[in-house]
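# Coordinate inspection notes
Here's the letter readout for the chains.
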Amino acid sequence: MSLPTLPSDPFTWPVRVYWEDTDAGGIVFYANYLKFFERARTEWLRALGIEQQRMREQVGGMFVVTQTQLQYHRPARLDDLLLVTARVLDTGPASMTIEQRALLKPQQSDAQAELLCSGTIRIGWVDDRHLRPQRIPPAVLAALKLPP
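Residues numbered from 1 in each chain as written. Predicted model: local features only at pLDDT ≥ 70, side-chain atom pairs only at ≥ 80, totals over all residues. Heavy atoms only, no water.

## So, the overall build of the protein
- A tally of helices and strands in the protein yields three helices and five strands.
- Element order for the protein, N to C, with α for helix and β for strand: β-α-α-β-β-β-β-α.
- In terms of overall dimensions, the protein has a C-alpha envelope of 45 × 35 × 25 Å along the principal axes.
- Evaluated residue by residue, the protein yields a buried proportion of 35% over its 148 residues.
- Across the protein, the fraction of contacts at a sequence separation of at least 24, relative to all contacts at a separation of at least 6, is 68%.
- Carbon and sulfur atoms make up 50% of the accessible area of the protein, which totals about 9,200 Å².
- Of the side-chain charges in the protein, 17 are positive and 16 negative, and the distance between the mean point of each set is 5 Å. (Helix = DSSP H or I, 4+ residues; strand = E, 2+ residues; numbered from the N terminus. Buried < 20%, exposed > 50% of the residue type's maximum accessible area, 1.4 Å probe, protein only. Contact = heavy atoms within 4.5 Å. Areas by Shrake-Rupley, 256 points an atom, 1.4 Å probe, with all protein chains shown as cover. Lys, Arg positive; Asp, Glu negative; His and termini not counted. Charge placed at Lys NZ, Arg CZ, Asp CG, Glu CD.)

Next up, the structure:
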């Protein structure tokens, strides 16, 4: 049995670090990486034509986070410009795992971006009334460019 081919290029979303994102030392508070990852996943879905509120109204379901795992490599600081990525790592009938990274955007175009935080976020599909797991609808899988 062969595994389905998943898109390999990550979606990338820029995020600027503001005062509200930092602690007293001017370093990004660790939990805020989850916010940055959420923004990138939301914008990734929007870029694929999936607006979450409209999807909920039209299809009667939504994605919810069921598990997170993060690893912190280096701190981000006030005013840094981050590149936050999202890429499908694994799919199941009612869930998927997204690989995400926060990178420090390099100052020069020929420099390498520095990895600040990496992780996996597992999201599950649930019906919007009872929040019970359901299969991801074929229309959503098609928009995500994933096999049914």
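## Observations regarding the pairing of strand β4 (residues 95-104)
- Within β4, seven of the ten residues are buried, which leaves the element mostly enclosed by the surrounding structure.
- In this sheet, β4 lies alongside strand β3 (residues 81-91) in antiparallel orientation, the contact comprising nine bridges. In the sheet register, R87 faces β4, and the bridge partner there is E99.
- Counting the residues between successive antiparallel strands, the hairpin from β3 to β4 contains three residues.
- Two elements, β4 and strand β5 (residues 114-127), share ten bridges in a ladder whose sense is antiparallel. Across the sheet, I98 pairs through a bridge with I121, a residue of β5. (Pairing = 2+ DSSP bridges.)

## Quick look at the packing of aromatic side chains
- Applying the stated criterion to the full structure yields six aromatic pairs.
- Taken together, a centroid distance of 6.4 Å and an interplanar angle of 10° make the contact between F11 and W13 stacked.
- For F11, a relative accessible area of 18% corresponds to the buried category.
- Aromatic pair F63 and W125: ring centres 5.0 Å apart, planes at 80°, arrangement edge-to-face. Note that F63 is positioned in strand β2 (residues 61-72) and W125 in strand β5, a separation of 62 residues in sequence.
- Its relative accessible area of 11% is what places F63 among the buried residues.
- The buried category is assigned to W125, whose relative accessible area is 2%.
- Taken together, the ring pairs in this structure connect F29, Y30, Y33, F36 and Y72 into an aromatic cluster. (Phe/Tyr/Trp six-rings, centres within 6.5 Å; stacked < 30°, edge-to-face > 60°.)

## Some remarks on unusual backbone geometry
- The backbone phi angle of D79 is positive, close to 75°, even though this residue is not glycine.
- Tracing the backbone shows D79 in the loop between β2 and β3.
- If you check the backbone angles, L131 has positive phi at about 55° while not being a glycine.
- Locating L131 in the fold gives a position in the loop between β5 and α3 (138-143).

## Quick word on the pairing of β3
- Pairing analysis gives six bridges linking strand β1 (residues 11-16) to β3, with the strands arranged antiparallel. Paired with V15 across the two strands is L82, which belongs to β3.

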